[in-house]
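Geometric and topological summary
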Amino acid sequence: MAQHEGGGNVHEAMSGKARNFYLLAREGDPEAQYQLAACYHSGYGVEENDSLAFVWAKKSAEQDYPAGLYFLAYCYETGKGCPANMGNANFLYQKAYDKASARANAGDPSAQFVVGKIYDYGNGGVTQNQEVAARWYRRAAEQGYPGAQFNMGNCCQLGEGVSENKEEAVYWYRQAALQGDADSQYMLGLCYASGDGVAKNSRKAIEWFKESSRQGHRLAQDILVRIGETW
């Protein structure tokens, strides 16, 4: 795929939410720029491309958007789309925390999500604390932020930062899945397939695997291939 982000037909190779994020991102929306970076990183709705993930994360970070700063720090930490540089990563994680904290306390769900992630993983010198992370995820999830809803589902599923609660995990996966979050659609499919936190239902499992697969989720696609289903 052409590595540019200005006009042309690059958006024609995109599908679903990735195309919508692209149209907003090119107009300068920092949340859309962050989300588009995440799409390129995961290959959801667009061909996986770490270089373009870095480009769009940098555009978001240049606006001091906490989620963009966090994602750019992750790129530097892991060498995704750029040479690995822990000095840059730690600087950006700390900046993300500083920028997110005031916005999170004021009720911004995207910033609450970022603060949650920083406590979850102990980034940028912040002491890891999964209970604090879960509290921030919950605040963002209750406002409808899909990434936080997915992470809250994981917290409940694994008992990280909260008491294990499979039924609540399904609730949060479903909230995000209904907003088109591919990872949550996949997890909801797994829950239905195994009867984990919800009554086992193979038909619903396949439906959610198909929803996730259409966005490019490889694990969901692999499951459908193994059972002879298409998406």
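Residues numbered from 1 in each chain as written. Predicted model: local features only at pLDDT ≥ 70, side-chain atom pairs only at ≥ 80, totals over all residues. Heavy atoms only, no water.

**Remarks on the overall build of the protein**
- A tally of helices and strands in the protein yields 12 helices and 0 strands.
- Taking 2.2 N^0.38 as the reference for a compact globule, 231 residues should give roughly 17 Å; the C-alpha atoms of the protein span a radius of gyration of 18 Å, in line with that estimate.
- Its C-alpha atoms give the protein principal-axis dimensions of about 45 × 45 × 30 Å.
- Restricting the contact set of the protein to residue pairs at least 6 apart, pairs at least 24 apart contribute 46%.
- Of the roughly 10500 Å² of accessible surface on the protein, 47% is carried by carbon and sulfur atoms. (Helix = DSSP H or I, 4+ residues; strand = E, 2+ residues; numbered from the N terminus. Rg over C-alpha atoms; globule rule 2.2 N^0.38 Å. Contact = heavy atoms within 4.5 Å. Areas by Shrake-Rupley, 256 points an atom, 1.4 Å probe, with all protein chains shown as cover.)

**Focus: the nonpolar core**
- Counting residues in hydrophobic clusters, the biggest one holds 73 residues, and the most contacted among them are Leu 36, Tyr 40, Phe 71, Tyr 119 and Met 152.
- Sort the elements by how many residues they give to this core and helix H4 (residues 66-78) lands first, with 8 residues. (Core = buried A, V, L, I, M, F, W, Y, C linked by side-chain atoms within 4.5 Å. Buried < 20%, exposed > 50% of the residue type's maximum accessible area, 1.4 Å probe, protein only.)

**Side note on the packing of aromatic side chains**
- Enumeration over the complete set of coordinates arrives at 11 aromatic pairs.
- Judged by centre distance (4.9 Å) and plane angle (75 degrees), the rings of Tyr 171 and Trp 172 are edge-to-face.
- Accessibility expressed as a relative area gives 6% for Trp 172, which makes it buried.
- Among the aromatic side chains, those forming a connected cluster through ring pairs are Tyr 34, Phe 71 and Tyr 74.
- Positioned over the ring face of Trp 56 is Lys 59, at 5.8 Å from the centre of the ring. (Phe/Tyr/Trp six-rings, centres within 6.5 Å; stacked < 30°, edge-to-face > 60°. Lys NZ or Arg CZ within 6 Å of the ring centre and 35° of its normal.)

**Quick notes on the environment of Tyr 121**
- Mapped onto the secondary structure, Tyr 121 falls in helix H6 (residues 109-121).
- Given the relative accessible area of 52%, Tyr 121 is considered exposed.
- As a C-alpha pair, Tyr 121 and Ala 133 span 12 residues in sequence and 8.8 Å in three-dimensional space.

**Looking at the packing of helix H3 (residues 50-61) against H4**
- The geometry of H3 relative to H4 is characterised by a closest axis approach of 7 Å and an angle of 140 degrees between their N-to-C directions. The orientation of H3 with respect to H4, classified from their angle, is oblique. The interaxial crossing formed by H3 with H4 has left-handed handedness. Side by side, H3 and H4 meet where Ala 53, Phe 54, Ala 57, Lys 58, Ser 60 and Ala 61 of the first sit next to Gly 68, Leu 69, Phe 71, Leu 72, Cys 75 and Tyr 76 of the second.
- When its residues are assigned to classes, the contact of H3 with H4 shows 9 nonpolar, 2 polar and 1 charged. (Axes fitted to C-alpha atoms, helices over the stretch in contact; angles between N-to-C directions. Parallel < 35°, antiparallel > 145°, perpendicular 65-115°, else oblique. Left-handed = near helix turned anticlockwise from the far one by under 90°. Nonpolar A, V, L, I, M, F, W, Y, C, P; charged D, E, K, R; others polar.)

**What to know about helix H12 (residues 218-226)**
- Turning to H12, its buried residues are Ala 220, Gln 221, Ile 223 and Leu 224. Angularly, the buried residues of H12 cover 160 degrees about the axis, an arc narrow enough to put them on a single face. Exposed residues on H12 whose side chains face more than 90 degrees from its buried face are Val 225 and Arg 226.
- Of the surrounding elements, those touching the buried residues of H12 are helix H10 (182-194) and helix H11 (202-213).
- Backbone geometry just after H12 places Gly 228 at a positive phi near 80 degrees. (Arc of directions from axis to C-beta.)

**Overview of the environment of Leu 190**
- Along the chain, the position of Leu 190 falls in helix H10.
- A C-alpha to C-alpha distance of 9.2 Å links Leu 190 and Ile 206, two positions 16 residues apart in sequence.
- Contacts of Leu 190, omitting those with residues within four sequence positions, involve Phe 209 and Ile 223.

**Things to note about the environment of Asn 88**
- Locating Asn 88 in the fold gives a position in helix H5 (residues 86-105).
- The class of Asn 88 is partly exposed, set by a relative accessible area of 32%.
- Placed 58 residues apart in sequence, Asn 88 and Pro 146 show a C-alpha to C-alpha distance of 28 Å.

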